[in-house]
Amino acid sequence: MRIHCIFIACLALFALCTLALDPNPQDPGKCCFFYSNMRIPVKQVDSYQTTFSGCTKEGIIFFMKSGIEICVNPNDRWVQRLKKLVDARALKDIEVSSGDSN
């Protein structure tokens, strides 16, 4: 009986760990639990997303070209400026790529 209980507990723990792992780095279910105050150079940012609406803390997640994810406070001015710079760069990239097809 004891081995049976240990097996069930291990199975439940495995299921919980599997649900916690997120293979998609841009899953809309990501949340920020603390903010980084480190200023991020725009040339290191690949993209960003707003955290899931069900999260306890509102946040922005910057996805770095190195694969690192950094959570920041969306109300910080430097974060708002960085978002605008990343958006402008993405728009420029789209215009350049659409101009190549002409």
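Treat the numbers as computed from the prediction; the structure is a model and nothing was measured.

**Q** Is there a simple way to explain the confidence of the model for the chain in this structure?
**A** As a note on interpretation, predicted positions should not be read in detail where pLDDT is low. Per-residue confidence for the chain averages 79 on the pLDDT scale, and 71% of its residues sit at or above 70. Taken as a whole, residues 9-26 scores under 50 in pLDDT and shows nine contacts with residues more than four places along the chain or in a different chain.

**Q** Explain the environment of serine 53 to me, please; I cannot follow it from the model alone.
**A** Looking at where serine 53 falls in the secondary structure, it is placed in the loop between strand 1 (45-50) and strand 2 (60-64). As for serine 53 and lysine 30, which are separated by 23 residues in sequence, their C-alpha atoms are 9.5 Å apart.

**Q** Would you explain the pattern of salt bridges in this entry?
**A** Side chains that differ in sign of charge can pair as their charged atoms come close. Under the definition given, this model contains one salt bridge. Measuring nitrogen to oxygen at the nearest pair gives 3.3 Å for the salt bridge that ties glutamate 69 to lysine 30. Separated by 39 residues along the polypeptide, glutamate 69 in strand 3 (residues 69-72) and lysine 30 in the loop between helix 1 (2-20) and strand 1 bring together distant segments of the chain. Classification of glutamate 69 by relative accessible area gives partly exposed; the value is 33%.

**Q** Mind showing me how you'd approach the sheet that holds strand 2 here?
**A** The three strands lie next to each other as 1-2-3, forming an open sheet whose pairing is antiparallel. The open sheet has two edge strands, strand 1 and strand 3, and neither has a second partner. Ignoring strand direction, the axes of neighbouring strands in this sheet form an average angle of 25°. When strand 1 meets strand 2, the two strands line up antiparallel, connected through five bridges. Counted as the bridge partner of threonine 50 is isoleucine 60 from strand 2.

Calculation rules
Every residue gets a number counted from 1 within its own chain, in the order that chain's sequence is written. The model is predicted, so local features are restricted to residues of pLDDT at least 70 and side-chain atom pairs to those at 80 or more, both for listing and for counting; the totals for chains, interfaces and linings are taken over all residues. Each side-chain value is derived from all of the structure's non-hydrogen atoms; neither hydrogens nor water enter the calculation. pLDDT is defined as a per-residue confidence score from the predictor, taking values between 0 and 100. We call two residues in contact whenever any of their non-hydrogen atoms come within 4.5 Å of each other. The helix and strand labels rest on DSSP assignments: H or I over at least four residues marks a helix, E over at least two residues marks a strand, and numbering proceeds from the N terminus. For this analysis, a salt bridge means a side-chain nitrogen from Lys or Arg found within 4 Å of a carboxyl oxygen belonging to Asp or Glu. Only protein chains enter the calculation, and the probe is 1.4 Å; a residue is then buried if its accessible area is under 20% of its type maximum, exposed if over 50%, and partly exposed in between. Between any two strands, pairing holds if DSSP finds at least two bridges. Whenever a helix is involved, its axis is fitted only over the stretch in contact; in every case the axis is a line through C-alpha atoms, and angles between N-to-C directions fall within 0 to 180 degrees.

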